[in-house]
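Take a look at the letters that make up each chain.
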Amino acid sequence: MLEIRNVHKAFGSNQVLKGVNLKVNKGDIIVILGPSGSGKTTFLRTINFLEKADKGTIDFDDIHTELHSASNKTINRIRKKTAFVFQNYNLFANKTALENVTEGLIVARKVPKEEAIKCAKDALDKVGLSERYDYYPSQLSGGQQQRVGIARAIAVNPDVLLFDEPTSALDPELIGEVLSVMKKLAKEGATMIVVTHEMSFAQEVASRVVFMDGGVVVEEGTAKQIFTAPKEKRTEQFLRRIVRDYDYVI
């Protein structure tokens, strides 16, 4: 379905990605873990060209392109197959929840307004916001705003959902409501690539876990393998620092 190979990206003299590879099959829930500065968010952003990689290739169904020289037409085709959920919601403050979801459908995808409204309401219903259509972001909690962000993503019916630390800006008590929506999407067969520090989510939902550090993939495996029998010392060091009661886990 989707394969990204040999991705490199530098910001000035800082080499952030040093040859990252990832293969995604339909229905995969891939969780990318790693310390801050490991390159995981940058890698996620290169998949739909929010960052343009310096080197690498992408195969997405029938699309093949070099990441650094993709045409605008190819970039738009790939973006139509993906949807991005940001850390900080990225909602329009002057638009209601419903309008935030319809905006991309109407403007970017040229969906007729009546159809866009129906799709947006269906998406908001799915994330538990059926009574918040007409609320502005300032009237919503952080968790509700992020659920609007997820509704905006799923409304376009993407092939792959990209989540960039979707709970990192939330108060701890609001994290669960966002993760429950993501778990629901996973059970319904969505294909997802998730950058997160939520270890319980990774252990419960991920079909594959990728551990990155220093701009490379250090280790990749099933959630059970990574969390109970990591092969690489660096993976084990990271988990011991992050996961509570790690000794019990392994």
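Residues numbered from 1 in each chain as written. Predicted model: local features only at pLDDT ≥ 70, side-chain atom pairs only at ≥ 80, totals over all residues. Heavy atoms only, no water.

(A) Representation of the environment of Lys55 within the structure. Turning to its location among the elements, Lys55 is positioned in strand E4 (residues 55-60). Lys55 gets classed as partly exposed once you look at its relative accessible area, which sits at 43%. When the C-alpha atoms of Lys55 and Gly189 are compared, they prove to be 31 Å apart, with 134 residues separating the residues in sequence. What Lys55 contacts, discounting residues up to four positions off in sequence, is Asn6, Val7, His8, Leu67 and His68. (Helix = DSSP H or I, 4+ residues; strand = E, 2+ residues; numbered from the N terminus. Buried < 20%, exposed > 50% of the residue type's maximum accessible area, 1.4 Å probe, protein only. Contact = heavy atoms within 4.5 Å.)

(B) Structural detail: the pattern of salt bridges. For the structure on display, the rule yields 15 salt bridges. Note that Glu51 and Arg45 form a salt bridge whose closest N and O atoms lie 3.6 Å from each other. Given the relative accessible area of 21%, Glu51 is considered partly exposed. A salt bridge links Glu220 to Arg208; its shortest N-O distance comes to 2.7 Å. Taken as a pair, Glu220 in strand E10 (residues 216-221) and Arg208 in strand E9 (residues 208-213) lie far apart in primary sequence, twelve residues in all. In this structure, a network of salt bridges that share partners links the residues Glu3, Arg5 and Asp59. (Salt bridge = Lys/Arg side-chain N within 4 Å of Asp/Glu carboxyl O.)

(C) Quick look at the pairing of E9. Along E9, five of the six residues are buried, which leaves the element largely enclosed by surrounding structure. One ladder, built from four bridges, connects strand E3 (residues 29-33) with E9; its direction is parallel. For Ile30, the partnering residue across the bridge sits in E9 and is Arg208. With five bridges joining them, E9 and E10 adopt antiparallel strand pairing. Across the sheet, residue Phe211 finds its bridge partner in E10, namely Glu219. Taking the residues that link successive antiparallel strands as the turn, the E9-E10 hairpin has two residues, and the phi of Gly214 there is positive, at about 60°. (Pairing = 2+ DSSP bridges.)

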